[in-house]
Amino acid sequence: VQLIESGGGLVQAGASVRLSCAGSGRTFSNYAMGWFRQAPGKEREYVGHTGTSGIDTYYADSVKGRFTISRDNAKSTVYLQMNSLKPEDTAIYSCAQDIRRYESTWEAFGDWGRGTQVTVSS
């Protein structure tokens, strides 16, 4: 599956941004889809993910209550709605396929998108 993110940009603190991740291929709906981010000089961080139907969603504590993940399997697209953005949310956001529990966290075992930059100014 090829994954392509869009929707990033430069915003002010407190603003909202919605990222999209469009997938290709007929297997999109078979996998849990998730979002990860990597800030400059930091390790990649799990943001959250949704199950195959989109009913179940999971989030990192750092974004819980501010970010919402949804998916539209008919469009092979997963979304990340980010509200009340903070400067510490600045990162490259990437979507990934086939999210599973791994040790004490969640990890992607499928394809990755290249990512989209989100910069939050104070």
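This text gives an overview of the structure that appears in the document. Just so you know, these numbers come straight off a predicted model, no measurement behind them. (Residues numbered from 1 in each chain as written. Predicted model: local features only at pLDDT ≥ 70, side-chain atom pairs only at ≥ 80, totals over all residues. Heavy atoms only, no water.)

## Focus: the packing of aromatic side chains
Going through the model one piece at a time under the given rule, you end up with five aromatic pairs. An angle of 50° between the planes, with centres 4.9 Å apart, marks the rings of Phe36 and Trp112 as tilted. Highlighted residues: Phe36 in strand S4 (residues 33–38) and Trp112 in the loop between strand S11 (105–108) and strand S12 (116–121), separated in sequence by 76 residues. Of the aromatic side chains, those joined through ring pairs into one cluster are Phe36, Tyr46, Tyr58, Trp106 and Trp112. A cation over a ring is seen here: Arg44 above Phe36, with NZ or CZ 5.7 Å from the ring centre. Arg100 extends its terminal NZ or CZ atom over the ring of Phe109, reaching a point 5.0 Å from the ring centre. (Phe/Tyr/Trp six-rings, centres within 6.5 Å; stacked < 30°, edge-to-face > 60°. Helix = DSSP H or I, 4+ residues; strand = E, 2+ residues; numbered from the N terminus. Lys NZ or Arg CZ within 6 Å of the ring centre and 35° of its normal.)

## Quick notes on unusual backbone geometry
Leaving glycine out, the prevailing phi sign among residues is negative, and the prevailing peptide bond configuration is trans. Positive phi, close to 50°, is recorded for Ser76, a residue that is not glycine. Residue Ser76 is classed as buried on the basis of its relative accessible area of 15%. For Ser84, which is not a glycine, the phi torsion comes out positive at approximately 50°. Structurally, the position occupied by Ser84 is in the loop between strand S8 (77–82) and strand S9 (91–97). Since its relative accessible area comes to 42%, Ser84 is described here as partly exposed. (Buried < 20%, exposed > 50% of the residue type's maximum accessible area, 1.4 Å probe, protein only.)

The values reported here are purely geometric and, on their own, carry no functional implication.
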